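Structural description and commentary
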Amino acid sequence: MIAKKITLKNRSIRLVVNGQPYELWVGDRPQEVNPSHTLAHTLRETLGLTGTKIGCDHGACGACTVLMDGKPVLSCIMLTVEADGKNITTIEGLGDPSTMKLDPLQQAFIDHTAFQCGFCTPGIIMSAKGLFNENPSPTEQEVKEGLSGNYCRCISHYHVLEAVMAAARKE
């Protein structure tokens, strides 16, 4: 059997980011998405959504976590072209833009001082949101497991756990 070669150049990909549809041309010219660009790179550099952080750039720290079709993914190790036809939610897409009200998870992180420098916070919140999408009432152990891919060097993870559990009670 002969494998078909898939040509990505001169084609577009479509994705919805935070409710906004995008059509991005694939190529190596300015304003195009290079086939080797990660989703994190495209979100930050092409779409200007800098809430998604790049910590390790190897998928080990969780700072780059976004939701793809409601499930957490590590955007630093996922190619943008793999997101074709998908619905992506970043930290900027949480909350209610019409009322400017924060998502309960975001508010719980403020209420419980569950951040220090804030670099890893978007990834942790997005991982927790993905957990809530699958299990709206997780146990403490399920939250620990759900956040096990997120690493923070600044704070006690007890504050994060308290914030996520408080948000779970509100949702």
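A brief look at the structure comes next.

The rules behind these values
- Residues numbered from 1 in each chain as written.
- Predicted model: local features only at pLDDT ≥ 70, side-chain atom pairs only at ≥ 80, totals over all residues.
- Heavy atoms only, no water.
- Salt bridge = Lys/Arg side-chain N within 4 Å of Asp/Glu carboxyl O.
- Helix = DSSP H or I, 4+ residues; strand = E, 2+ residues; numbered from the N terminus.
- Buried < 20%, exposed > 50% of the residue type's maximum accessible area, 1.4 Å probe, protein only.
- Disulfide = S-S within 2.5 Å.

Pairing between side chains becomes possible if they bear opposite charge and their charged atoms approach one another. All chains considered together, the criterion is met by seven salt bridges. In this structure, Asp-84 and Arg-11 form a salt bridge, with 2.8 Å as the shortest nitrogen-oxygen distance. Note that Asp-84 is positioned in the loop between strand E4 (71-74) and strand E5 (87-89) and Arg-11 in strand E1 (residues 11-17), a separation of 73 residues in sequence. Judged by its relative accessible area of 29%, Asp-84 is partly exposed. Classification of Arg-11 as partly exposed rests on a relative accessible area of 27%. A salt bridge links Lys-71 to Glu-134, with the nearest nitrogen and oxygen atoms 2.7 Å apart. Residue Lys-71 is located in strand E4, and its partner Glu-134 is located in helix H3 (residues 121-134); the two are separated by 63 residues in the primary sequence. Looking at Lys-71, the relative accessible area reads 46%, which means it is partly exposed.

For the structure on display, the rule yields zero disulfides. Note on Cys-64: no disulfide assigned, nearest cysteine sulfur contributed by Cys-76 at a separation of 3.6 Å. Given a relative accessible area of 2%, Cys-64 falls into the buried group. For the unlinked cysteine Cys-120, the closest cysteine sulfur is that of Cys-152, found at 3.4 Å.

Despite not being glycine, Gln-31 shows a phi value in the positive range, around 75°. As for its position among the elements, Gln-31 is in the loop between strand E2 (20-26) and helix H1 (39-46).

Secondary-structure assignment places Cys-61 in the loop between H1 and strand E3 (65-68). Since its relative accessible area comes to 13%, Cys-61 is described here as buried. In the structure, Cys-61 is positioned 25 residues away from Ser-36 in sequence and 21 Å away in space, judged by C-alpha atoms.

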